[in-house]
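# Inside the fold
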Amino acid sequence: MKATPVSATAPAKVILFGEHAVVYGCPAIAVPISALRAEALAFPNSSYGLGLRIAAFDSGETIPVDLTSDMKAVDNALAYTARLCLEALNAAPPDVTIRIQSQIPIASGLGSGAAVTAALARVLSFVVGQPLDNDRLNALVYEVEKLYHGTPSGIDNTVIVYEQPVYFRRGYPIETLDIVRPFTLLIGDTGEAALTRTVVEDVRRLYTSDPEQYQALFNEIASITELGRRAISTGDHNLLGKLMFQNHTILQQLTVSSAPLDSLVQAAYAAGAIGAKLSGGGRGGNMIALTEARDAERVEKALLSAGAKRVFQTVVQ
Ligand code: PMV
């Protein structure tokens, strides 16, 4: 008899305003991209007693998970997530294989790691009969983010776990945002992978070398984010777009843009986008462009001609 798998998912995300500054306590705004998802499917093992195994989508590897090895030696993000989850729930490893699959490009600022972690912990907690609520899941995903990203602000796990647009500020209660007027976003991929951890460390070095100068840039980003929140709450797309361009300029000054990101932002502007900026850690990965729905196709073509490896269109609502 073929058993039906138990499945859980989590979405991708983009940061509309405030990346990098958010690491230094400034606010940021992020939205989930529900049409791009990571999924974890748990299947009963074909023969009894194989224990918990995780089949990774990218490497094709199947990783056994047990509770006996030293946690410090667990160097695989999936195994680490499963261990943390089982320990938090005080549960024994179930006899299942969990298959991970994801539509979210990795190392590109779309939150692929946090989404995979969230989907995996969700399905595992379900299989052991103790489904994690979002608050506990969020804390768990943050622990995994810390291991792999050094000093994450917590914005990725928050927007991905709650799957709501968020105004996020480290150490403050999470505020979800109502999108009063839906807007169209194009997500343009430079095709260049970039490690957020390295970029965040570089910004840290710059900040340490001249705290006053870099704090001033973070403060400017914070003001843009505040105005962005207002633009979302009043449905003012023109203001929203203008603020995106401004945010991109400051990200350039923080040295986290790149030639391909700048060309895509410029191409979006030239094709009539209302706003555009890099999104996430930068130096590669994705940019976002805000357009009127009727202009989306033209802007998409312009992004592809300017070198985007793929463009994903979504409506934020
Ligand atoms: O590259 P991403 O999508 O993981 O975004 C990172 C956002 C930063 O502000 C650069 C880092 C952080 O921890 O918030």
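One structure accompanies this document, and this report is about it. Quick caveat, the model's predicted, so the values are computed rather than measured.

## Looking at the site of the ligand
Close contacts around the ligand come from 15 residues, with Lys13, His20, Ser153, Thr196 and Gly281 the closest. One of the side-chain nitrogen or oxygen atoms of Lys13 is found 2.4 Å away from an oxygen atom of the ligand. Separating an oxygen atom of the ligand from a side-chain N or O atom of Thr196 is a distance of 2.6 Å. Protein coverage of the free-state accessible area of the ligand, which is 380 Å², stands at 92%. A majority-of-atoms criterion places the ligand in the largest pocket.

## Examining the sheet that holds strand β10 (residues 286–291)
Taken together, the four strands give an open sheet; going across it, the order is β9-β10-β8-β11, and neighbouring strands pair in antiparallel fashion. Edge positions in the sheet fall to β9 (275–278) and β11 (310–316), since each has one partner strand and no second. Between one strand and the next, the sheet's axes are offset by a mean angle of 20°, whatever the strand orientation. Of the strand pairs in this sheet, β9 and β10 are connected by four bridges, and their pairing is antiparallel. Bridge pairing links Leu278 to Met287 in β10.

## Considering empty space enclosed by the protein
In this structure the tally under the stated criterion is one cavity of 30 Å³ or more. Here the largest cavity defines a volume of roughly 50 Å³. Looking at the largest cavity, the residues that line it are Ala107, Ser108, Gly109, Ala194, Thr196, Ser279, Gly280, Gly281, Gly282, Gly284, Gly285 and Asn286. In terms of residue class, the lining of the largest cavity is built from two nonpolar, ten polar and no charged.

## Looking at the pairing of strand β5 (residues 96–102)
Bridge count for strand β2 (residues 28–44) against β5 is seven bridges, and the pairing is antiparallel. Within the sheet, the bridge partner assigned to Ala40 lies in β5 and is Ile100. Here three bridges tie strand β3 (residues 52–55) to β5, and the two strands are oriented parallel to one another. In the sheet register, Ala55 faces β5, and the bridge partner there is Arg99.

## A word on the pattern of salt bridges
Here the structure, examined in full by the defined rule, presents 13 salt bridges. As a salt-bridge pair, Lys277 and Glu19 come within 2.9 Å of each other at their nearest N and O atoms. In this pair, Lys277 sits in strand β9 while Glu19 sits in the loop between β1 (6–17) and β2, placing the two residues 258 residues apart along the sequence. The pair formed by Lys277 and Glu19 is uniform in burial state, with each residue classed as buried. Across the pair Glu297 and Lys301 runs a salt bridge whose closest N-O atoms are separated by 3.9 Å. On the criterion of helical spacing, the pair formed by Glu297 and Lys301 is a turn pair, its members being four residues apart in helix α9 (residues 296–305).

Reading the values: rules and limits
- Residues numbered from 1 in each chain as written.
- Predicted model: local features only at pLDDT ≥ 70, side-chain atom pairs only at ≥ 80, totals over all residues.
- Heavy atoms only, no water.
- Near = heavy atom within 4 Å.
- Polar contact = N/O pair within 3.5 Å; in protein donor to acceptor, adjacent residues only side chain to side chain.
- Areas by Shrake-Rupley, 256 points an atom, 1.4 Å probe, with all protein chains shown as cover.
- 1 Å grid on protein atoms, 1.4 Å probe; cavity = no way out; pocket = protein on both sides within 12 Å on 5 of 7 lines; lining within 4 Å.
- Sits in = over half its atoms within 2 Å of the grid points.
- Pairing = 2+ DSSP bridges.
- Helix = DSSP H or I, 4+ residues; strand = E, 2+ residues; numbered from the N terminus.
- Axes fitted to C-alpha atoms, helices over the stretch in contact; angles between N-to-C directions.
- Points joined across faces, edges and corners; volume = space filled by probe spheres on them.
- Nonpolar A, V, L, I, M, F, W, Y, C, P; charged D, E, K, R; others polar.
- Salt bridge = Lys/Arg side-chain N within 4 Å of Asp/Glu carboxyl O.
- Buried < 20%, exposed > 50% of the residue type's maximum accessible area, 1.4 Å probe, protein only.

Structural measurements only, silent on function.
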